[in-house]
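# Residue-level structural notes
Take a look at the letters that make up each chain.
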Amino acid sequence: MAKRKKKEAFDWEDEAQEEIIWVSKSEIKRDAEDLKQFGEKIVNLTKVNLAKIPLDESLLDAIELAQRLQKEARRRQLQYIGKLFRGIDIAPIREALDKIENKHNQQQAMLHKIEKIRDELIENGDIALTNLLNNYPEADRQKLRNLIRSAQKEREQNKPSKAYRDIYQMLKSLMLED
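These notes cover the structure that comes with them. (Residues numbered from 1 in each chain as written. Predicted model: local features only at pLDDT ≥ 70, side-chain atom pairs only at ≥ 80, totals over all residues. Heavy atoms only, no water.)

### Let's talk about a nonpolar patch on the surface
Residues Ile21, Val23 and Ile28 make up a contiguous nonpolar surface patch of about 320 Å² in total accessible area. Topologically, Val23 is positioned in the loop between α1 (15-18) and α2 (25-43). (Patch = residues over 30% accessible without salt bridge, like charges linked within 9 Å, V, L, I, M, F, W, Y side chains within 5 Å. Areas by Shrake-Rupley, 256 points an atom, 1.4 Å probe, with all protein chains shown as cover. Salt bridge = Lys/Arg side-chain N within 4 Å of Asp/Glu carboxyl O. Helix = DSSP H or I, 4+ residues; strand = E, 2+ residues; numbered from the N terminus.)

Right, here's the structure in full:
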């Protein structure tokens, strides 16, 4: 009968053993799941946005394949992509993805700002128009003034708001060209 060796006690005084970092199995699984979800974000990007991300050839091929697959095959491919991510430094890929996602958020914020300015123009009339023209002197003062007055009349008479939409389109073209 073979003798079993006693488990060695962990010696906290030993410097070589201090260097060892213990990682739980649950933490390894969480990290793998995070990488898989990160891979799914990358797979869901359009081809134009995918071209902006620095990926090596094997990873790009795996992502393009996952974009064509469905259901269980896609799930397995996403797991494979997560495995590939474990072997590389994903910091530059994360940065590129953040830039793409942040650009969308900035665009949404700008559109909300345009809506707010439009509402101020209709509420405050010439005062808000003067403030707008100080920031955007290339704007057509006369056309904006006429649209503001039309929008105010439409609001009073409960008519469809054509001028309201026209002001938005004019502001959008003016502000987004900067």
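### Thoughts on the nonpolar core
Grouped together as the largest cluster of nonpolar side chains are 23 residues, with contacts concentrated most on Ile114, Leu121, Leu132, Ile167 and Leu171. Those elements that place two or more of their residues in this core are α6 (91-124), α7 (126-135), α8 (141-156) and α9 (162-176). Excluding anything up to four places from it in sequence, Ile114 contacts Tyr168, Leu171, Lys172, Met175 and Leu176. Core analysis: the second largest hydrophobic core is formed by 20 residues, Ile42, Val43, Leu59 and Ala66 among them. (Core = buried A, V, L, I, M, F, W, Y, C linked by side-chain atoms within 4.5 Å. Buried < 20%, exposed > 50% of the residue type's maximum accessible area, 1.4 Å probe, protein only. Contact = heavy atoms within 4.5 Å.)

### Considerations on the packing of α2 against helix α5 (residues 71-86)
Running from N to C, α2 and α5 cross one another at 110°; their axes reach a closest spacing of 8 Å. The angle between α2 and α5 places the two elements in the roughly perpendicular class. Once α2 is placed against α5, the crossing between them reads as right-handed. Counting all contacts with α2, which are made through Ala32, Leu35, Lys36, Phe38, Gly39, Glu40, Ile42 and Val43, the residues of α5 involved are Arg74, Leu78, Gln79, Ile81, Gly82, Phe85 and Arg86. Looking at side-chain class alone, the contact of α2 with α5 contains eight nonpolar, three polar and four charged residues. (Axes fitted to C-alpha atoms, helices over the stretch in contact; angles between N-to-C directions. Parallel < 35°, antiparallel > 145°, perpendicular 65-115°, else oblique. Left-handed = near helix turned anticlockwise from the far one by under 90°. Nonpolar A, V, L, I, M, F, W, Y, C, P; charged D, E, K, R; others polar.)

### Let's talk about the layout of surface pockets
Roughly 150 Å³ of volume is contained in the largest pocket. Lining the largest pocket are Lys113, Ile117, Glu120, Leu121, Asn124, Ile127, Ala128, Asn131, Leu132, Asn135, Tyr136 and Met175. Tallied by class, residues from the lining of the largest pocket come to seven nonpolar, three polar and two charged. (1 Å grid on protein atoms, 1.4 Å probe; cavity = no way out; pocket = protein on both sides within 12 Å on 5 of 7 lines; lining within 4 Å. Points joined across faces, edges and corners; volume = space filled by probe spheres on them.)

### What to know about the pattern of salt bridges
The tally for this structure, following the rule as stated, stands at six salt bridges. One salt bridge in this structure joins Glu33 and Lys36, with 3.8 Å as the shortest N-O distance. Of this pair, Glu33 and Lys36 are both found in helix α2, three residues apart, which corresponds to roughly one turn of the helix. Owing to a relative accessible area of 34%, Glu33 belongs among the partly exposed residues under this scheme. Measuring nitrogen to oxygen at the nearest pair gives 3.8 Å for the salt bridge that ties Asp119 to Arg118. Since its relative accessible area comes to 9%, Arg118 is described here as buried.

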